[in-house]
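# Close look at the chain arrangement
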Amino acid sequence: MAERPKILLTSPVHPDAQALLDRHAETVVAPDTSGATLNALAGDVDGILVRNKLPDDICDHAPRLRGMVRHGVGLDFIPVAAATAWGIPVANLPGINARTVAEYCIAAVQHLRRPIVHMDRDLRADGWETARAPAPGFVEMGGAAIGIVGVGSIGRALAQIAGQGFGMTVLGASRRSGRMPDGVEETPLDDLFRRADAVVLCCPLTEETRGLVDARRLALMKPGAVLVNVSRGAVVVTDDLIAALKDGVIAGAATDVYDTHPLAPDHPLMTCPNVLLTPHLAGITAASTHITGIRAAEDLLRILRGENPENLANPEYRDATNEKT
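Here's what I pulled together on the structure shown here. (Residues numbered from 1 in each chain as written. Predicted model: local features only at pLDDT ≥ 70, side-chain atom pairs only at ≥ 80, totals over all residues. Heavy atoms only, no water.)

### Some remarks on the pattern of salt bridges
Quick note on the threshold: Salt bridges are defined by distance alone: a side-chain nitrogen of Lys or Arg within 4 Å of a carboxyl oxygen of Asp or Glu. A run of H or I in DSSP becomes a helix once it reaches four residues, and a run of E becomes a strand once it reaches two; helices and strands are each numbered from the N terminus.
Inspection of every chain in the model, using the stated rule, returns 18 salt bridges. Among the ionic pairs, Arg 195 bridges to Glu 185, the shortest N-O distance being 2.8 Å. A residue pair is termed long-range when its members are at least 10 positions apart, and Arg 195 in helix H8 (residues 189-195) and Glu 185 in strand S8 (residues 184-186) qualify at ten residues. As a salt-bridge pair, Arg 302 and Asp 299 come within 2.6 Å of each other at their nearest N and O atoms. Of this pair, Arg 302 and Asp 299 are both found in helix H11 (residues 286-304), three residues apart, which corresponds to roughly one turn of the helix. What emerges from the salt-bridge pattern is a single network uniting Arg 295, Asp 299, Arg 302 and Glu 310.

If you want it as structure tokens, here you go:
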């Protein structure tokens, strides 16, 4: 009987996905996500199911590694170039949680423009009139302009909800021009920042998008506009965002991603005004966790059987010249 392959999980997966993996492989769940721990555990594994950022040199520590699958979309968690050089296939799940993240974005914009939770808090603590006092300054969604930076799977889902559901004007900016869906006005990036009442960052982290939102672009925004980041922390220059919030350059921000995860308890964002902070959960719900776990597990098992995953991110891995020894 052939030896069962061994799979490293950087974090736990949905129980149904775990059960699927257990039927076909031995699995080990990393006790923490430090680079040292992941490198040490990679020494005898055949596959890695990735929910946390891997160390850049993990392939150097994994002589048996035959495949990696991202439990989600962002490939910046995986050293793809290194995997390709070693002849290791990498897969991800484009669009798997697009609707989930889009709904988070709408909830975040609503919170920043009309914070119902604050009304509840003030009513309980300070009474009826105090809770009602800020209401004339709150802003409706309908008729406002939303600017989407990165109109891929998430951006398209967000555009549909914002445009068709709330009657918002939808502006879009993307790496590839001429490919906007119906209802999205393709807009140069600086103009998008000038015109939008809410700017939502859905773009991948690349060398072109790193530091995309800096003091200059924040200064282009309307004083009453808000920023939502579900992309990656490094797309925004964090110090510039903090300054913009403290100086009232923009009305507020929501961010689910940071330069370093987890966010330190003493990080300056923690005491920043008008900011909504969440711990990288925009794509996590009961339904999305289940389907993402199942799809990632199925793809990793396909790779370990010598089959192609549904979305192979690095087909050029077959041309690799390096060989593991």
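There is more to say after this.
### Re the packing of helix H1 (residues 15-24) against H11
Note the threshold: Angles shown run from 0 to 180 degrees and are taken between the N-to-C directions of axes, each axis being a line fitted to C-alpha atoms and, for helices, limited to the stretch in contact. When describing relative orientation, an angle under 35 degrees is termed roughly parallel and one over 145 degrees roughly antiparallel, while 65 to 115 degrees is termed roughly perpendicular and anything else oblique. Crossing handedness follows the turn of the near helix against the far one: under a right angle anticlockwise gives a left-handed crossing, and clockwise gives a right-handed one. We call two residues in contact when some of their heavy atoms are within 4.5 Å. Nonpolar residues are Ala, Val, Leu, Ile, Met, Phe, Trp, Tyr, Cys and Pro. Charged residues are Asp, Glu, Lys and Arg, and all others, Gly as well, are polar.
At their nearest, the axes of H1 and H11 sit 8 Å apart, and the two run at 20° to each other. With respect to each other, H1 and H11 are oriented roughly parallel. As for the relative orientation of H1 and H11, their crossing is right-handed in sense. Residue-level inspection shows Asp 16, Ala 17, Leu 20, Leu 21 and His 24 of H1 in contact with H11, the latter providing His 290, Gly 293, Ile 294, Ala 297, Glu 298 and Leu 301. Across the contact of H1 with H11, the residue classes tally to six nonpolar, three polar and two charged.

### Considering the sheet that holds strand S6 (residues 145-149)
Applied cut-off: Pairing between two strands requires that DSSP report at least two bridges joining them.
In space, the seven strands of this open sheet follow the order S8-S7-S6-S9-S10-S11-S12, with parallel pairing throughout. Because the sheet does not close on itself, it has two edges, and the strands there are S8 and strand S12 (275-277). For this sheet, the mean inter-axis angle between neighbouring strands, taken without regard to orientation, is 20°. Sheet topology note: the strand S9 (residues 198-201)/strand S10 (residues 226-229) ladder contains four bridges and is parallel. Bridging from a neighbouring strand, Ala 198 pairs with Val 226 of S10.

### Considerations on helix H10 (residues 238-246)
Short version of the rule: Each residue is assigned to one of three classes by its accessible area relative to the maximum for its type, calculated with a 1.4 Å probe on protein chains only: buried under 20%, partly exposed between the two thresholds, exposed over 50%. By arc we mean the arc of the directions from the helix axis to the C-beta atoms, nothing more.
Buried within H10 we find Thr 238, Leu 241, Ile 242, Ala 244 and Leu 245. Buried residues of H10, viewed axially, fall in a sector of 165°; they line one side. Remark: Gly 248 follows H10 within two positions and exhibits a positive phi of approximately 75°.

### Topic: the sheet that holds strand S1 (residues 6-9)
Strand order in the open sheet made by the five strands is S2-S1-S3-S4-S5, with parallel pairing throughout. On the outer flanks of this sheet lie strand S2 (26-29) and strand S5 (90-91), each paired with one strand and no other. Sheet topology note: the S1/S2 ladder contains four bridges and is parallel. Looking across to S2, one finds that Lys 6 is bridged to Glu 26. Packed onto the sheet, H1 meets S1, S2 and strand S3 (47-50) and runs at close to 135° relative to S2. Contacting S1, S3, strand S4 (67-70) and S5, H11 crosses the sheet at an angle of about 165° to S4.

### Section: empty space enclosed by the protein
Keep this limit in mind: With a 1 Å grid spanning the protein atoms alone, the term cavity applies to any set of points in which a 1.4 Å probe fits but cannot get out, the term pocket to an open set with protein on both sides within 12 Å along at least five of seven lines, and the term lining residue to any residue with an atom within 4 Å of a point. Grid points are joined across faces, edges and corners, and a volume is the space filled by probe spheres set on the points.
Under the definition given, this model contains one cavity of 30 Å³ or more. Thr 238, Leu 241, Thr 255, Val 257 and Leu 269 are, among the 14 residues lining the largest cavity, the residues nearest its centre. Mapped by element, the contributors of at least two residues to the lining of the largest cavity are S10, H10 and strand S11 (252-255). Class assignment for the residues of the lining of the largest cavity results in eight nonpolar, five polar and one charged.

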